[in-house]
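Structural features, examined
Here is what each chain is made of, one letter per residue.
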Amino acid sequence: VQLQASGGGLVQAGGSLRLSCEASGRTFTSHSMGWFRQAPGKERELVAGISWVGGSKTYYADSVKGRFTISRDNAKNTVYLQMNSLKPEDTAVYYCAARRGSVVLLTTEAYDYWGQGTLVTVSS
């Protein structure tokens with residue numbers, strides 16, 4: 001599985017961005033997907049995840065609940081992260097990741113495939 005993330009950019013606080021992650025190489029319908037972010041000097045953290053089972057259970061970090069929405073379109077092999085009400089502290093490189101299995105896990109070690117990262121900068 002190859003993952004290609006896109007959609008990052010510069011936005012003012014309060015604005016919105018939508019990140020996309022397109023998977024290629026094989027079907028990813030049996031993979032759980034996650035969006036991680038890494039700010040300078042900080043560890044990479046999971047901000048949102050979505051399982052592949054029916055109903056697509058989701059996970060959100062407390063810091064983004066109510067502002068970010070993760071979704072997936074299996075027909076397009078694409079997962080999205082809609083980010084609203086962005087804050088300067090959301091500034092980071094965002095990575096999409098995939099893991100074989102039906103459960104979203106929090107640690108980077110649990111994920112088998114990674115995209116290249118896309119930079120999100122939120123100005124105050």
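Before reading on, note that the structure itself is shown above.
Sequence positions are assigned chain by chain, starting from 1 and proceeding in written order. Per-residue local features of the predicted model are confined to residues with pLDDT of at least 70, and side-chain atom pairs are confined, for both listing and counting, to 80 or more; whole-chain, interface and lining totals are unaffected and use all residues. Computation of side-chain values: all heavy atoms of the structure, hydrogens and water removed.

Brief notes about unusual backbone geometry
Phi angles above zero are rare outside glycine, and Asn77 is one such case at about 55°. Taking relative accessible area as the criterion, Asn77 reaches 17% and is therefore assigned buried. A positive phi angle is found at Ser85, which is not glycine, with a value near 50°. Tracing the backbone through its elements, the reader meets Ser85 in the loop between β8 (78-83) and β9 (92-100). Exposure categories follow from relative accessible area, calculated using a 1.4 Å probe and restricted to protein chains: below 20% of the type maximum is buried, above 50% is exposed, and the middle band is partly exposed. Only DSSP runs of H or I with at least four residues qualify as helices, and only runs of E with at least two residues qualify as strands; both kinds are numbered from the N terminus onward.

With respect to the environment of Gln38
Position of Gln38 among the secondary structure elements: in strand β4 (residues 31-38). Put simply, Gln38 and Tyr95 are 57 residues apart on the chain and 8.1 Å apart in space, counted from C-alpha to C-alpha. Separated by 3.2 Å, the side chain of Gln38 and the backbone oxygen of Lys42 make a polar contact. Polar contact criterion, stated in full: a pair of N or O atoms within 3.5 Å, where within protein one must be able to donate a hydrogen and the other to accept it, and residues adjacent in sequence count only if both atoms are side-chain atoms.

Re the pattern of salt bridges
Two side chains that carry opposite charge are able to pair once their charged atoms sit near each other. For this analysis, a salt bridge means a side-chain nitrogen from Lys or Arg found within 4 Å of a carboxyl oxygen belonging to Asp or Glu. Applying the stated criterion across every chain, the model contains five salt bridges. Its salt-bridge partner being Arg37, residue Glu45 comes within 2.9 Å of it at the nearest N-O pair. Look at Glu45 and you get partly exposed, because its relative accessible area is 35%. Close ionic contact of Asp90 with Arg67 constitutes a salt bridge, the shortest N to O distance being 2.7 Å.

Examining the state of the cysteines
Our working definition of a disulfide is a cysteine sulfur pair at a distance within 2.5 Å. By the definition in use, this model includes one disulfide. One disulfide in the model links Cys21 with Cys96; its S-S distance is 2.1 Å. A torsion of 60° about the S-S bond marks the disulfide between Cys21 and Cys96 as right-handed. Separated by 75 residues along the polypeptide, Cys21 in strand β3 (residues 17-24) and Cys96 in strand β9 bring together distant segments of the chain.

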